Amino acid sequence: MLDDVVTLLNLHGGVLTKKEQLIAKFVIENQEEIIHMSITEFSESLNVGEGTVVRFCQKLGFDGFHSFKIFLAKSTGKDDKKNEDHDDPLGLIRKNHLLTIEQTSDLLQETKETVEKCAEIISKCRKLYAVGVGASGATALDAYYKFMRIGINTFFSQDTHLIAMELSLAGEKDVVLAFSQSGSTSVIVDLAKIARQNKTTIISVTGHKRSPLALTSDYVILTPIREAPFESGAIRSKISQLHVLEVLFELTKERISKSAQDCITATARAVEKWIY
């Protein structure tokens, strides 16, 4: 396949519909911005359906929008790490991580009421489902560990079939806490839709306000990190997710203070004989 997006679009120009030609023009003029967009944001920018965007990408030879963004990142050189400042890699990493925490904290302050409402809902739920795949799945596992230790009845699994079956039995008193940095991971969106059918409350932690997952959720807690395709699973995104999780956890623990401390003590005693 060609490695230049302009050449690729010119090559397919004769088979593109009028709407697809508008998409092609937008791509050429906004290549770097598109790398950080969700499919929902992209389609809304052009006032076209997401299906039209997917068909456009497939007509060019890609599986979908995400694989097209990977190609676009290569075309623009955004996957080239050679241009990064390596004179002080430790200092650069520290700076980026501290900046991530500051940005995440500022965003949480702006949405404080939503975060506190989510903590209140979790503290009273019958069952909490921590959901995520890939790097976000690791955050979901952290959520399971933390909320389980304060006595919240929490479910987590890496088996998406098992999660789907569990969510099919969830109800109005249950809560799904879904992690997806892009908000466009199809399996997470599909799992959220299964929960929605049962009127289960859905809380999403994502970097995209206008994403399929966010639009399926009752409450959205945003992280400030926008990943390019080659940055999927980047530690900055992980730090931001974990910061949100820690705040959500502490606010929940405050609301069930006495029982939470009793559960922490009980779970600590359960494993203390293996700790030297």
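Cut-off values and rules
- Residues numbered from 1 in each chain as written.
- Predicted model: local features only at pLDDT ≥ 70, side-chain atom pairs only at ≥ 80, totals over all residues.
- Heavy atoms only, no water.
- Helix = DSSP H or I, 4+ residues; strand = E, 2+ residues; numbered from the N terminus.
- Buried < 20%, exposed > 50% of the residue type's maximum accessible area, 1.4 Å probe, protein only.
- Arc of directions from axis to C-beta.
- Contact = heavy atoms within 4.5 Å.
- Phe/Tyr/Trp six-rings, centres within 6.5 Å; stacked < 30°, edge-to-face > 60°.
- Pairing = 2+ DSSP bridges.

Caption draft 1: Spotlight on the environment of H161. Relative to the elements of secondary structure, H161 occurs in helix α10 (residues 160-168). Between the C-alpha atom of H161 and that of L191, which follows or precedes it by 30 residues, the distance is 9.6 Å.

Caption draft 2: How the structure looks around helix α5 (residues 50-59). Among all positions of α5, only T52, V53, F56 and C57 are buried. The buried residues of α5 occupy one face: seen down the axis, they fall within an arc of 135°. Elements in contact with the buried residues of α5: α1 (5-11), α2 (18-29), α4 (39-46) and α6 (65-76). One or two steps after α5, the chain reaches G61, where phi turns positive at roughly 105°.

Caption draft 3: Representation of the packing of aromatic side chains. Across all of its chains, the model carries 8 aromatic pairs by this definition. Ring centres of F62 and F68 lie 5.4 Å apart, and the angle between their planes is 70°; on these two criteria the pair is classed as edge-to-face. Given the relative accessible area of 1%, F68 is considered buried. Through a chain of ring-to-ring contacts, the aromatic side chains of F56, F62, F68 and F71 assemble into a single cluster.

Caption draft 4: Region of the structure containing the pairing of strand β3 (residues 175-179). Buried residues dominate β3, accounting for 5 of its 5 residues. Every second residue of β3 is oriented toward a common face, with V175, L177 and F179 on one face and V176 and A178 on the other, all of them buried. Where strand β1 (residues 128-131) and β3 come together, 4 bridges link them in parallel fashion. Its bridge partner being in β3, V131 is matched across the sheet by A178.

Caption draft 5: Examining the sheet that holds β3 more closely. Spatially, 5 strands are ordered β2-β1-β3-β4-β5 in an open sheet, and the strand pairing comes out parallel. Of all strands in the sheet, those bounded by a partner on one side alone are β2 (154-155) and β5 (219-222). Sheet analysis places β1 next to β2, joined by 2 bridges and oriented parallel. For L128, the partnering residue across the bridge sits in β2 and is T154.

Function cannot be read off these values alone, since they describe shape.
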